Amino acid sequence: MVSTLPAVLGQVRASVSRLLPTQSFSVVLFGEVEGAGPSTRSFSDHLVAADSLQQDRLKTWLASALPRGRSNPLAGLRAALAMHPQVVFVLSRSITRSVGGVWDQGKVTTLAELDALNPRDAATGKRPTLIKTIQFLEPDPTGIMQAIAEEHGSNRAASDSGPASASHRVMTAAELK
């Protein structure tokens, strides 16, 4: 995300600016600190009101964000899901740079952990948190972002068929400008 980070953070600020003050949010940045493994950095350890004070704080906080190490979005998802939000947006670029083409644990293990962290309700088939994915510049060749969106991006029952295509998006360079 080195070359696209400023544009991506601009998208995050713009998204948060569209929230109503009665809505809440947080932002989790993920990466890996050399020698220390997966790391996350959260704007807040809980959801905060999307009022102008918090939006100003977010702008300042994001200004200090720097890309670092290889990407392990699963650490970020763990931190985000611990806040019990209604929706999580996973923003990523170059999955192929992350441990030779897969997230740290691989697609199957990652999806299994997400199922444990965000399980379907036995009665309704719905998940507590929707997870939407946005891939920057080019599609994810591993399919993991699409698989997360398919399994966690809509609150249709597990038995319902049909794609969750609205839950996954690829943003091109032109859209980031």
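Please read all numbers here as calculations on a predicted model, not as lab measurements.

A.B. asks: Explain the packing of aromatic side chains here, please?
C.D. replies: Two descriptors summarise a pair of aromatic rings, namely the distance from one centre to the other and the angle between the planes of the rings. Tallied over the entire structure, the rule returns 2 aromatic pairs. Here Phe25 and Phe43 contribute two aromatic rings whose centre-to-centre distance is 5.5 Å and whose plane-to-plane angle is 15 degrees, an arrangement assigned as stacked. Residue Phe25 is located in strand 1 (residues 24-25), and its partner Phe43 is located in the loop between strand 3 (37-42) and strand 4 (48-49); the two are separated by 18 residues in the primary sequence. Just as Phe25 is buried, Phe43 falls in that class too. Here the aromatic rings of Phe43 and Trp61 are separated by 5.8 Å at their centres, their planes lie at 65 degrees, and the arrangement is edge-to-face. Taken together, the residues span a long stretch of sequence, with Phe43 in the loop between strand 3 and strand 4 and Trp61 in helix 2 (residues 52-63) at a distance of 18 residues. Just as Phe43 is buried, Trp61 falls in that class too.

A.B. asks: Help me understand the side chain of Arg127, please; the structure alone is not making it clear to me.
C.D. replies: The topology assignment puts Arg127 in the loop between helix 4 (107-117) and strand 6 (130-136). Under the relative-accessibility criterion, Arg127 is labelled buried at 6%. Within the local environment of Arg127, its side chain forms a polar contact with the backbone oxygen of Glu151, the two atoms lying 2.7 Å apart. A distance of 3.3 Å separates the side chain of Arg127 from the side chain of His152, its partner in a polar contact.

A.B. asks: In this structure, what is going on with the environment of Gln54? I would like to understand it.
C.D. replies: Among the structural elements, Gln54 can be located in helix 2. The exposure class of Gln54 is buried, given its relative accessible area of 14%. Separated by 10 residues in sequence, Gln54 and Ser44 have C-alpha atoms that sit 10.0 Å apart. Excluding residues within four positions of it along the chain, Gln54 makes contact with Phe25, Phe43, Val48 and Ala49. Among the polar contacts made by the side chain of Gln54, one reaches the side chain of Arg57 at a distance of 2.5 Å.

A.B. asks: Would you take a moment to explain the environment of Leu9 for this structure?
C.D. replies: Residue position: Leu9 is located in helix 1 (residues 5-17). Those residues in contact with Leu9 that lie beyond four places of it in its chain are Leu62 and Ala65.

A.B. asks: Can you walk me through the nonpolar core in this structure?
C.D. replies: Looking at soluble globular proteins, one finds that nonpolar side chains tend to be buried together. By size, the foremost hydrophobic cluster in this structure holds 16 residues, and its most contacted members are Leu77, Val88, Val90, Leu114, Ile131 and Ile148. Listed by contribution, the elements that provide at least two residues to this core are helix 3 (73-81), strand 5 (87-92), helix 4 and helix 5 (144-152). Here this core takes 5 residues from helix 3, the largest share from any one element. Aside from chain neighbours lying at most four places away, what touches Val88 is Leu77, Ala80, Leu81, Thr129, Leu130, Ile131 and Lys132.

Criteria and cut-off values
- Residues numbered from 1 in each chain as written.
- Predicted model: local features only at pLDDT ≥ 70, side-chain atom pairs only at ≥ 80, totals over all residues.
- Heavy atoms only, no water.
- Phe/Tyr/Trp six-rings, centres within 6.5 Å; stacked < 30°, edge-to-face > 60°.
- Helix = DSSP H or I, 4+ residues; strand = E, 2+ residues; numbered from the N terminus.
- Buried < 20%, exposed > 50% of the residue type's maximum accessible area, 1.4 Å probe, protein only.
- Polar contact = N/O pair within 3.5 Å; in protein donor to acceptor, adjacent residues only side chain to side chain.
- Contact = heavy atoms within 4.5 Å.
- Core = buried A, V, L, I, M, F, W, Y, C linked by side-chain atoms within 4.5 Å.

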